[in-house]
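# Structural overview
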Amino acid sequence: QVQLVQSQSGAEVKKPGASVKLSCKASGYTFTSYNVHWVRQAPGQGLEWMGIINPSGGITRHAQKFQGRVTMTWDTSTSTVYMELSSLRSEDTAMFYCARHNSGWAFDYWGQGTLVTVSS
Amino acid sequence: QSALTQPASVSGSPGQSITISCTGTSSDVGGYNYVSWYQQHPGKAPKLMIYEVSNRPSGVSDRFSGSKSGNTASLTISGLEAGDEADYYCSSYTSSGTGVFGGGTKLTVL
C-alpha cells in the first residue's frame, strides 16, 4: 500500500534563523513516477502550498513567498524526498506535510506530518 | 498568489445537503479543470475527496460531488452524516505552475 512516512522524530524545535530539513520516505509505488508536494499548516490555520519536486527529473517549483529559503531534494536509493527551510522565524511554526501528486493537481496520499516549532 | 476564497463556516442537519464554494480567478480555478477538495478532521492529515473538479477517488462516498462554473468551484455533500463534520479545503493549479489552497471551511453537522 502507498505510504509516505515523514521524519521519524515527529517534531523539531528550532531557534529563529536556523534551518530545518524534513524527510518524507515513500513506499508502495514507483518513487520516480510521481511528483511530491510539500504543504504546511500553521496552528489553527489553513493549508498552504509550499512546493513540488519531481523525483525523476529533479525539477522543483515553489511558492514565491519561499523564494530563497526553500530547497527540495530527493534520494532515489532510499525513495525519500527532503525539504529544507532556512532563516526560520516564529511564523514558520507549523505542521509540515508531504503529499503525493496525482491526476492533474491532486494530492492523493499524505504523510503524517512533522511539527516544526520555531522559538527562542 | 492569493488564497482561494471559501466561506469560513457552513452547517446543516443530518440528511440535508450543503454546498461549499471556492472562488478564484481565471488564472487558477477558472483557467484549469485542476480543482481538488480535501477533508481534514482535527489532528489528522487531509484526505482527498474530489479531484479534477468532479472526480471521486476510489473509496470516497458518492454523497460527495464537485462542480465548477467560471471562477468558482463547489463541493456538495448530500445526506449529511455526523462523520462529515470537518474542515474542507479546495485547491487549484495556477498559471504560474504552482498551487494554491482555499482558506478552509468548517462544516458543522447540527
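Anything mentioned here points back to the structure above.
Read on for an overview of the structure.

Criteria and thresholds
Residues numbered from 1 in each chain as written. Chains lettered and ligands numbered in written order. Predicted model: local features only at pLDDT ≥ 70, side-chain atom pairs only at ≥ 80, totals over all residues. Heavy atoms only, no water. Helix = DSSP H or I, 4+ residues; strand = E, 2+ residues; numbered from the N terminus. Rg over C-alpha atoms; globule rule 2.2 N^0.38 Å. Buried < 20%, exposed > 50% of the residue type's maximum accessible area, 1.4 Å probe, protein only. Core = buried A, V, L, I, M, F, W, Y, C linked by side-chain atoms within 4.5 Å. Contact = heavy atoms within 4.5 Å. Pairing = 2+ DSSP bridges. Axes fitted to C-alpha atoms, helices over the stretch in contact; angles between N-to-C directions.

### Focus: the overall build of chain A
- Of the regular secondary structure elements, chain A holds zero helices and eleven strands.
- Overall, chain A shows an N-to-C arrangement of helices and strands of β-β-β-β-β-β-β-β-β-β-β.
- A compact globule built from 120 residues would reach a C-alpha radius of gyration of about 14 Å, and chain A, at 13 Å, matches this within 12%.
- Here the C-alpha coordinates of chain A stretch approximately 40 × 25 × 25 Å along the principal axes.
- Looking at chain A residue by residue over its 120 residues, the buried ones come to 46%.

### Points about the nonpolar core
- The biggest cluster of nonpolar side chains holds 40 residues, and the ones touching the most others in it are W38, M83, L85 and W110 of chain A together with F101 of chain B.
- The contacts of F101 of chain B, once residues within four sequence positions are left out, are V39, L47, E48, W49, F107 and W110 of chain A together with A3, L4, Y38, Y89, C90 and S91 of chain B.
- Membership of the second largest hydrophobic core comes to 23 residues, among which are I18, V29, V60 and C90 of chain B.

### Structural notes on the pairing of strand β4 (residues 47-50) of chain B
- The sheet contact formed by strand β3 (residues 35-40) of chain B and β4 of chain B spans three bridges and is antiparallel. The residue bridging Q39 of chain B from the neighbouring strand is K47 of chain B, located in β4 of chain B.

### Some remarks on the sheet that holds strand β2 (residues 18-23) of chain B
All names here are of chain B.
- Here three strands make up an open sheet; going across it, the order is β2-β6-β5 and the pairing antiparallel. Edge strands, defined here as strands with exactly one partner in the open sheet, are β2 and β5 (64-69). Geometrically, the sheet is characterised by an average inter-axis angle of 20° between neighbouring strands, direction not taken into account.
- As judged from the six bridges shared by β2 and strand β6 (residues 72-77), these two strands associate in the antiparallel manner. Residue pairing in the sheet places C22 in a bridge with A73 of β6.

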